[in-house]
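# Descriptive analysis of the structure
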Number of protein chains: 2
Amino acid sequence: MDWTLFFIFLLACAGAATTGAMFQPGKWYDELRKPGFTPPNWVFPVTWTVLYICIAVAGARAAPLDTTGHAMAIFAVQIAFNTLWTPVFFGLHNTKAGLVVIGILWLSVAGTLWQFWQLDWIAGLLFVPYLVWVTIAFALNFEVWRLNRARPIAT
Amino acid sequence: MDWTLFFIFLLACAGAATTGAMFQPGKWYDELRKPGFTPPNWVFPVTWTVLYICIAVAGARAAPLDTTGHAMAIFAVQIAFNTLWTPVFFGLHNTKAGLVVIGILWLSVAGTLWQFWQLDWIAGLLFVPYLVWVTIAFALNFEVWRLNRARPIAT
């Protein structure tokens, strides 16, 4: 693996991760009605740390290969929408817009997985836990929106 | 130019642009002490619209070429930090953290420009206005931090 590529991709992931560090759940999130499958708060940073490492390894494996144009374009989409989701959800408390953002994120993660799989199956495999987690996060975002839409937005 | 690639990169830029639409300047920004070279508010969305189109065209030109690994990795860094800056600055009103974010953004834009230039000089050239604008934005962020650091953070 090209370690320079790994650390550049890890820096991109660090940009996305910074939103998680700076826009914390807090009182608003604690007081929301949440579905039964909601993981405890500590699970989120632990999971994302593992996922960001997987993303950086996958990127470092796939990027140096030939004909990576579409793969790396969709990769750019997923990292942008990954960075966007936290400020929209935890910053603006906008669960509806968050649902749109995480929907596009899900599609871009699935697209990157598909593209990576054809370039290097290990890179594709490294995106599987990411897709599983974004599926859970999408369901959680949907349920939070559904269960709380009748209530005024607490700020 | 590969139009599919153009629209995928434009979607990544749309992710970054959404922060600008959702985290507006508002009262806090209006009341800050700002340097003399601060552009009027309407300049920002106009400039970013042009820049995002340039970024998407540059990406669509460079991505299908050979040996684009490092270029596309640094491209991912710039789009993540571009998406990150607005929520940190306009969302959290954290001008100091904003300065760190825009510093890394500047380096990643310069790095992408350098990499793109070697792959396709037009793609590199399309990043020049972006680098110029981020230089101005960095100076503006720095001056806003410097001129207002003695004041309590208004929320």
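As a starting point, this report considers the structure included with it. Note that this is a predicted model, so its numbers are computed, not measured. All residue numbers refer to position in the chain's written sequence, counted from 1. Here every chain gets a letter starting at A, and every ligand a number starting at 1, in the order they are written. Per-residue local features are limited, in this predicted model, to residues with pLDDT of at least 70; the limit for side-chain atom pairs, both in listing and counting, is 80 or more; totals at the level of whole chains, interfaces and linings are taken over all residues. Note that water and hydrogens are dropped before the side-chain values are worked out from all heavy atoms of the structure.

## Quick word on the interface of chain A and chain B
Only heavy atoms matter for contacts: two residues are in contact if any of them lie within 4.5 Å across the pair. With 35 residues of chain A at the interface, the matching set in chain B holds 35 residues. Here chain A meets chain B over a buried area of about 2700 Å², counting both sides, of which 84% is carbon and sulfur. Taken together, the elements giving at least two residues each to the side of chain A that touches chain B come down to helix H1 (3-22), helix H4 (69-91) and helix H5 (95-119) of chain A. Working definition: helices are DSSP H or I runs of at least four residues, strands are E runs of at least two. Numbering for both runs from the N terminus. Top element by residues in the side of chain A that touches chain B is H4 of chain A. It accounts for 15 residues. Joining two parts hides part of their accessible area as seen by a 1.4 Å probe, and the buried area is that hidden amount summed over both.

## Regarding the packing of helix H1 (residues 3-22) of chain B against helix H3 (residues 43-62) of chain B
Residue and element names in this part refer to chain B. As a packed pair, H1 and H3 sit with axes 8 Å apart at the nearest point and diverge in direction by 140 degrees. The way H1 lies across H3 gives a crossing that is right-handed. Facing Leu5, Phe6, Phe9, Leu10, Cys13, Ala16 and Ala17 of H1, the residues of H3 in contact are Tyr52, Ile53, Ile55, Ala56, Val57, Gly59 and Ala60. Note on definitions: angles span 0 to 180 degrees between N-to-C directions of axes, and those axes are lines fitted to C-alpha atoms, for helices only across the stretch in contact. What makes a crossing left-handed is the near helix being turned counterclockwise from the far one by less than a right angle; a clockwise turn instead makes it right-handed.

## Points about the relation of the copies chain A and chain B
We superpose the copies by least squares over the C-alpha atoms of residues that have a pLDDT of at least 70 in both of them. Mapping chain A onto chain B is achieved by rotating through 180 degrees and translating by 0.0 Å along the same axis, at an RMSD of 0.0 Å. Considering both components of the superposition, the chain copies are consistent with a two-fold axis. Same-surface contact between copies: 100% of interface residues of chain A are shared with the interface of chain B.

## As for the environment of Pro35 of chain A
All names here are of chain A. As for its placement among the helices and strands, Pro35 is situated in the loop between helix H2 (26-30) and helix H3 (43-62). Taking the C-alpha atoms as reference points, Pro35 and Val100, 65 residues apart in sequence, are found 19 Å from one another. The contact partners of Pro35, leaving out residues within four places of it in the chain, are Leu140, Glu143, Val144 and Leu147.

## Considerations on the pattern of salt bridges
Pairing is possible between side chains that carry opposite charge, provided their charged atoms lie close to one another. Residues and elements named next belong to chain A. Whenever a carboxyl oxygen of Asp or Glu lies within 4 Å of a side-chain nitrogen of Lys or Arg, that contact is scored as a salt bridge. Tallying each qualifying case throughout the model produces 6 salt bridges over all chains. One salt bridge connects Glu143 with Arg146, and the closest N-O pair in it is separated by 2.9 Å. With Glu143 and Arg146 both in helix H7 (residues 128-148), this residue pair falls 3 residues apart, about one helical turn. Three labels apply to residues, based on accessible area from a 1.4 Å probe with only protein chains included: buried if under 20% of the type maximum, exposed if over 50%, partly exposed otherwise in between. Relative accessible area serves as the criterion here: at 17%, Glu143 is assigned to the buried category. Classification of Arg146 by relative accessible area gives partly exposed; the value is 37%.

## Concerning the packing of aromatic side chains
Residue and element names in this part refer to chain B. Only Phe, Tyr and Trp rings take part, Trp by its six-membered ring, and two of them pair if their centres are within 6.5 Å. Stacked means planes under 30 degrees apart, edge-to-face means over 60, and tilted covers everything else. Within this structure, the stated rule accounts for 37 aromatic pairs over all chains. Consider the rings of Tyr29 and Phe90, whose centres lie 5.4 Å apart with planes at 70 degrees: the pair is edge-to-face. With a gap of 61 residues between them, Tyr29 in helix H2 (residues 26-30) and Phe90 in helix H4 (residues 69-91) connect regions that are remote in the sequence. No difference in accessibility class separates Tyr29 from Phe90, as the two residues are buried. Relative to Phe127, the ring of Phe116 lies with its centre 5.3 Å away and its plane at 70 degrees, an arrangement referred to as edge-to-face. In this pair, Phe116 sits in helix H5 (residues 95-119) while Phe127 sits in the loop between helix H6 (121-126) and helix H7 (128-148), placing the two residues 11 residues apart along the sequence. We classify Phe116 as buried; its relative accessible area is 0%. By relative accessible area, which is 0% here, Phe127 ends up buried.

## Some points on unusual backbone geometry
Most of the time, phi is negative for any residue but glycine, and the peptide bond is trans. Not every positive phi belongs to a glycine, and Thr67 of chain A is a case in point at roughly 50 degrees. Within the secondary structure layout, Thr67 of chain A lies in the loop between H3 and H4.

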